[in-house]
Amino acid sequence: MTAAFNPFEKLKKSLARTKDNLVGKITQVVMRRKIDDDLLDELEEVLIEADVGVQATMRLIDAVKAKAKERRLTDGDEVIGLLKEEISEILSRDGHQDTIVSDAKPVIWLIVGVNGVGKTTTIGKMATRFSAEGKKVMIAACDTFRAAAIEQVGIWAERSGVEMIRSQHGADPASVAFDAASAARARGVDILLVDTAGRLHTKANLMEELKKIRRVVEKAAPGAPVYSKLIIDGTTGQNALSQVKVFTEAVGCDGLIVTKLDGTAKGGMMIAVAEELGVPVDFIGLGEGIDDLQPFDPAKFADALFAQ
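Everything quoted here is computed from the prediction, not taken from an experiment.

To continue, consider the packing of aromatic side chains. Using the criterion set out here, one finds 3 aromatic pairs in the structure. Ring geometry for Trp-109 versus Phe-130: centroids 5.5 Å apart, planes at 90°, classification edge-to-face. Taken together, the residues span a long stretch of sequence, with Trp-109 in strand S1 (residues 107-112) and Phe-130 in helix H6 (residues 119-132) at a distance of 21 residues. By the burial criterion, Trp-109 is buried, and Phe-130 matches it. Stacked on the ring of Tyr-227, the Lys or Arg Lys-229 has its end atom at 5.7 Å from the ring centre.

So, in structure tokens, the structure goes:
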């Protein structure tokens, strides 16, 4: 008999490399020492090297100083608890529930991101999850530049029993999006997931294409809430910040889905993105399995990161 799936244990296991890179090194710095300027300088170095970003690092150091003074803490070991509190605070932003539940139908999620971040697989996993929650889901296959993407998303749609609107390879992505939004509106769909192309984020034409898709779905389903959800690869570290900025300028960014956190020591970038860009994280990807796409819970993330 197989053991029941435990999301928290999975999270802990997946964050092991980030934990070693961040909390492991912090522990080495603070063990059996007093809180002083030298300790804080070393702590700052560890945080920046662990992809936490300069802005979030400064906030964390300032918080440790202020709270240690306020609570009259002097032992270095006590710094770990203070960091956990502040990291949980940085990561706590309203996430995806606000963008799934709506009286207006359909809720439309434009799924954007560069190629290679796991966009199509993640859409399949989300379709399966939302469908299992009793929602009527539809997928729009708008990455028409890659024949493989249309086939891949078709396999996921079939597997999760959701309807898919597609066209042939090379078709106009915006026209597929328009047809899908019109169909979703006519058929009482709860959530429409729009797969988009993801060639390099340096290409202006990709951004123009995404803007056009956004315009046409708004036209096809007037009054329907449209959200841009950006998928980023957890292994990219600080590079994720520039991706978020570029996509936000083009189509906005209402939430992030961070994939491949199970294979990286750079999970600290989650803290950098939350602090510098203020974008909530909706889901995190912790592996290949359907259950490995988890709704993001900031408190649990911090617990898993700092778990003994």
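Before going further, it helps to examine the pairing of strand S4 (residues 191-195). Where burial is concerned, most of S4 is hidden: 5 out of the 5 residues are buried. A two-sided burial pattern is seen for S4, the buried positions comprising Ile-191, Leu-193 and Asp-195 on one face and Leu-192 and Val-194 on the other. Direction of pairing for S1 relative to S4: parallel, over a ladder of 5 bridges. Residue Ile-108 lies in a different strand from S4, and its bridge partner there is Leu-192. The pairing of strand S2 (residues 137-141) with S4 spans 5 bridges and is parallel. Its bridge partner being in S4, Ala-140 is matched across the sheet by Val-194.

A few words on the pattern of salt bridges. Evaluation of the coordinates by the stated rule reveals 21 salt bridges. Residue Lys-34 is joined to Asp-75 by a salt bridge in which the shortest nitrogen-to-oxygen separation is 2.9 Å. Here Lys-34 is found in the loop between helix H2 (16-30) and helix H3 (37-49), whereas its partner Asp-75 is found in the loop between helix H4 (54-70) and helix H5 (79-91), with 41 residues between them in sequence. Judged by its relative accessible area of 35%, Asp-75 falls in the partly exposed class. The partner of Glu-133 in a salt bridge is Lys-135, and the shortest N-O contact between them spans 3.0 Å. On the basis of relative accessible area, Glu-133 is assigned to the partly exposed category, the value being 43%. What emerges from the salt-bridge pattern is a single network uniting Arg-59, Lys-67, Arg-71, Glu-85, Glu-86 and Glu-275.

This paragraph deals with the sheet that holds strand S5 (residues 226-233). The sheet built from 8 strands is open, its strands ordered S3-S2-S4-S1-S5-S6-S7-S8 with mixed pairing. Across the chains shown, the open sheet's two edge strands, defined by having one partner strand only, are strand S3 (163-165) and strand S8 (293-295). Across the sheet, the axes of successive neighbouring strands diverge by a mean angle of 25°, strand direction being ignored. Judged from the 5 bridges that link them, S1 and S5 form a sheet pairing that is parallel. Each residue of the ladder has a partner; that of Leu-110, found in S5, is Ser-228.

In this approach, a probe sized like a water molecule rolls over the atoms, and the result shows the empty space that is left. The space that makes up the largest pocket amounts to roughly 210 Å³. If you trace the largest pocket, you find 13 residues lining it, with Lys-125, Thr-259, Lys-260, Gly-287 and Glu-288 closest to the centre. Counting residues per element, the lining of the largest pocket draws most heavily on H6, which supplies 3 residues. Residue composition of the lining of the largest pocket, by class: 2 nonpolar, 7 polar and 4 charged.

This part covers the environment of Phe-283. With respect to the helices and strands, the residue Phe-283 is situated in strand S7 (residues 281-285). Under the relative-accessibility criterion, Phe-283 is labelled buried at 0%. Remark: the alpha-carbon pair of Phe-283 and Asp-41, spanning 242 residues in sequence, is separated by 33 Å.

For an α-helix the count is 3.6 residues per turn, leaving residues at separations of three or four pointing the same way. An ideal rise of 1.5 Å per residue puts 20 Å on 14 residues; H6 measures up with 20 Å between its terminal C-alpha atoms. Buried within H6 are the following residues: Lys-119, Thr-120, Thr-122, Ile-123, Gly-124, Lys-125, Met-126, Ala-127, Thr-128 and Phe-130. One or two steps after H6, the chain reaches Gly-134, where phi turns positive at roughly 90°.

Let us look at the environment of Val-251. Residue placement: Val-251 occurs in helix H10 (residues 239-251). For Val-251, a relative accessible area of 5% translates into the label buried. Sequence-distant contacts of Val-251, defined by excluding residues within four places in its chain, comprise Val-112, Leu-210, Lys-211, Arg-214 and Ser-228.

Turning to the packing of H5 against helix H11 (residues 269-277), a few remarks are in order. For the pair H5 and H11, the least separation of the axes is 8 Å and the interaxial angle reads 55°. As judged from the angle between their axes, H5 and H11 are oblique. In this structure, H5 meets H11 at a crossing whose hand is left-handed. Residue-level contacts link Ile-87, Ile-90 and Leu-91 of H5 to Met-270, Ile-271, Ala-274 and Glu-275 of H11. By residue class, the composition of the contact of H5 with H11 is 6 nonpolar, no polar and 1 charged.

Procedures and definitions
Residues numbered from 1 in each chain as written. Predicted model: local features only at pLDDT ≥ 70, side-chain atom pairs only at ≥ 80, totals over all residues. Heavy atoms only, no water. Phe/Tyr/Trp six-rings, centres within 6.5 Å; stacked < 30°, edge-to-face > 60°. Helix = DSSP H or I, 4+ residues; strand = E, 2+ residues; numbered from the N terminus. Buried < 20%, exposed > 50% of the residue type's maximum accessible area, 1.4 Å probe, protein only. Lys NZ or Arg CZ within 6 Å of the ring centre and 35° of its normal. Pairing = 2+ DSSP bridges. Salt bridge = Lys/Arg side-chain N within 4 Å of Asp/Glu carboxyl O. Axes fitted to C-alpha atoms, helices over the stretch in contact; angles between N-to-C directions. 1 Å grid on protein atoms, 1.4 Å probe; cavity = no way out; pocket = protein on both sides within 12 Å on 5 of 7 lines; lining within 4 Å. Points joined across faces, edges and corners; volume = space filled by probe spheres on them. Nonpolar A, V, L, I, M, F, W, Y, C, P; charged D, E, K, R; others polar. Expected span 1.5 Å × (residues − 1). Contact = heavy atoms within 4.5 Å. Parallel < 35°, antiparallel > 145°, perpendicular 65-115°, else oblique. Left-handed = near helix turned anticlockwise from the far one by under 90°.

As far as function goes, none of this settles anything; it's purely spatial.
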